[in-house]
Amino acid sequence: MVKLFDRLRSLFGGQIREGSYEYIPEDGYEEQYDNGSGRQFYTALDIGTEYAKAIVFEVVEDQGIVLGVGRHRQSYSHMSDGIVTDIEGVIQGCNEALIQAERAAGDIVAPDAVIGIAGELVKGSSITVTKTRQQPNKFITPDELESLIGMAQQKLLKSARDRIAAETGYQNIEVRLTNAAVISVRVDGQVVTNPIGFRGRHLSLTLFSAFAPLMQLGALETVAQGLDLRLVAIVAEPYALARCLSTNASADSGAIFIDVGGGTTDIALVRQGGIEETRMFALGGRTFTRRLATGKGLPLKEAEKLKVLYSNGMVKGHERDEIKAILAPECQTWMDSVELLIEELAKNELLPPAIYMVGGGSALPDLQEKLRSFPWTERLPFARPPLIETVQPDMVTSILDPHQLLRDAQDITPMALAYQAIELQNENSALEQALYKVIQNMHL
């Protein structure tokens, strides 16, 4: 994963709430943050359309220990479809969530933050590039590897720019890299973890990258600055979920992850242990709330309360049937969108046999029913009907919650962001160093 850009370090270096964190480069690559106690504390901030969610946690070796959790409902005018629309309003809402988390953590303040980014214009995809080596008996060198990574990265950047231009109608929108990962490398068809020193004629590499418009990234940078947080990484949320949860899926079979948030639904495809593609569409929990408010003639806040009661099975009889009928058109639109995007992700190749749901919107039983009753094998390239499962916090590896502060599927995304802090400390392989060097040289 791509770590903190130098420009962000300089931007937030003096905005620390407590203690003193120093950026110490190790071999020009690894980053360490220390508050003087020898312990490493972080904040994970999920700025969702419906809620701002914060987790204060400590990284101990390969695990994140949850110390405090905070949640604060966003105003309808502050976020839209996963995108910040009122920076000052979002800062205020996130600050409330941060205060809750810090108090729950025993007044521990963790300035170093991992923040999630979502929205339809966040584009994540993968590409495979192959080089035919003219001298197969020579050892593969770091320069060859970096050249291949650079070729793949340029193609993914162009693809992201083209897709954003097609969707917005505007050319030359500035985009920035948020995350990148080398999924696999093969030498003459054989998977290797480090190709340096091998010999062979065909060198093949699969790279995943996620890009977002500069406008969105800039808004999150300003939010972090307003909260006195030092931005360690901005992470595309589908990428974070796939990295965090892919251990639940077999390395051979993979899985599809569907995150139903307040403003968007994010979909990520994982095959053979690596994230391949992400897609997002602007339909989430607020859409169902608005439909219910219109159908029942209720204010939005009352409609939201009723939706939650309905999702929790607290509404019975005729009223339950009425709500189900009101929500049916939007649920079908949601299912149609999921089908369309999974079809795009498949690229006519066999899809993995598991679908995992996360996010607060996944609690709506109608969506789960749509997924379970859908004729998957008839409409899409599944070998058998996929397992449909809603992810709960205790299913996430590497994130420990000793005080049981994380409750349900809506907490999975901030947990996935916390997991990224663990990955930050483990990025020292030859592949990751080569990737980081290419990204630095390309000024992405």
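In this text the structure is predicted, and so the values were computed from the model without any measurement.

About the criteria used
Residues numbered from 1 in each chain as written. Predicted model: local features only at pLDDT ≥ 70, side-chain atom pairs only at ≥ 80, totals over all residues. Heavy atoms only, no water. Core = buried A, V, L, I, M, F, W, Y, C linked by side-chain atoms within 4.5 Å. Buried < 20%, exposed > 50% of the residue type's maximum accessible area, 1.4 Å probe, protein only. Helix = DSSP H or I, 4+ residues; strand = E, 2+ residues; numbered from the N terminus. Contact = heavy atoms within 4.5 Å. Axes fitted to C-alpha atoms, helices over the stretch in contact; angles between N-to-C directions. Parallel < 35°, antiparallel > 145°, perpendicular 65-115°, else oblique. Nonpolar A, V, L, I, M, F, W, Y, C, P; charged D, E, K, R; others polar. Expected span 1.5 Å × (residues − 1). Bend = angle between axes of the 7 residues up to and from the residue. Salt bridge = Lys/Arg side-chain N within 4 Å of Asp/Glu carboxyl O.

Explanation requested: the nonpolar core in the structure shown.
One recurring pattern in soluble globular proteins is that nonpolar side chains are buried together. Ranked by internal contacts, the top residues of the largest apolar core, which has 74 residues, are I47 and L245. By residue number, the principal contributor to this core is helix α11 (residues 412–424), which donates nine residues. Once residues lying within four places of it in the same chain are set aside, the contact partners of I47 are Q74, M79, V90, C94, I115, L220 and V223. Counting residues in each nonpolar core, the second largest holds 36 residues, with I267, F281, L367 and L371 among its members.

Looking at this model, I keep getting lost on the environment of Q135. Mind explaining?
Following the sequence through the fold, Q135 ends up in the loop between β7 (123–132) and α3 (142–168). Judged by its relative accessible area of 48%, Q135 is partly exposed.

In this structure, what is going on with the packing of helix α5 (residues 237–245) against α11? I would like to understand it.
Two quantities define a packed helix pair, namely the angle between the axes and the distance from one axis to the other. With their axes 8 Å apart at the nearest point, α5 and α11 run at an angle of 75 degrees to one another. On the basis of the axis angle, α5 is roughly perpendicular to α11. Where α5 abuts α11, its residues E237, Y239, A240, L241, R243, C244 and L245 lie against I412, T413, A416, L417, Y419, Q420 and E423. Its residues assigned to classes, the contact of α5 with α11 comprises nine nonpolar, two polar and three charged.

What exactly am I supposed to notice about helix α8 (residues 317–346) here?
Over its 30 residues, α8 runs 40 Å from end to end, which matches the ideal 44 Å to within 8%, given 1.5 Å per residue. At A328, α8 shows its strongest bend, of approximately 45 degrees, with the proline P329 following within four residues. After α8 finishes, the residue K347 shows a positive phi value of roughly 55 degrees.

Could you clarify how one ought to interpret the pattern of salt bridges in this entry?
As a working rule, side chains carrying opposite charge can pair if their charged atoms are close by. All told, the structure shown has 26 salt bridges when counted by the stated rule. The salt bridge involving E423 is made with R243; its shortest N-O contact spans 3.2 Å. Taken together, the residues E423 in helix α11 and R243 in helix α5 connect sequence positions 180 residues apart. Among the residues examined, R243 registers a relative accessible area of 23% and is labelled partly exposed. The residue R271 makes a salt bridge to E276 at a minimum N-O spacing of 2.7 Å.

Before we go on, may I ask you to explain the side chain of E304 in this structure?
Tracing the backbone through its elements, the reader meets E304 in helix α7 (residues 300–311). Residue E304 is classed as buried on the basis of its relative accessible area of 8%. Aside from chain neighbours lying at most four places away, what touches E304 is E50, R73 and T289.

By themselves these figures say nothing about function.
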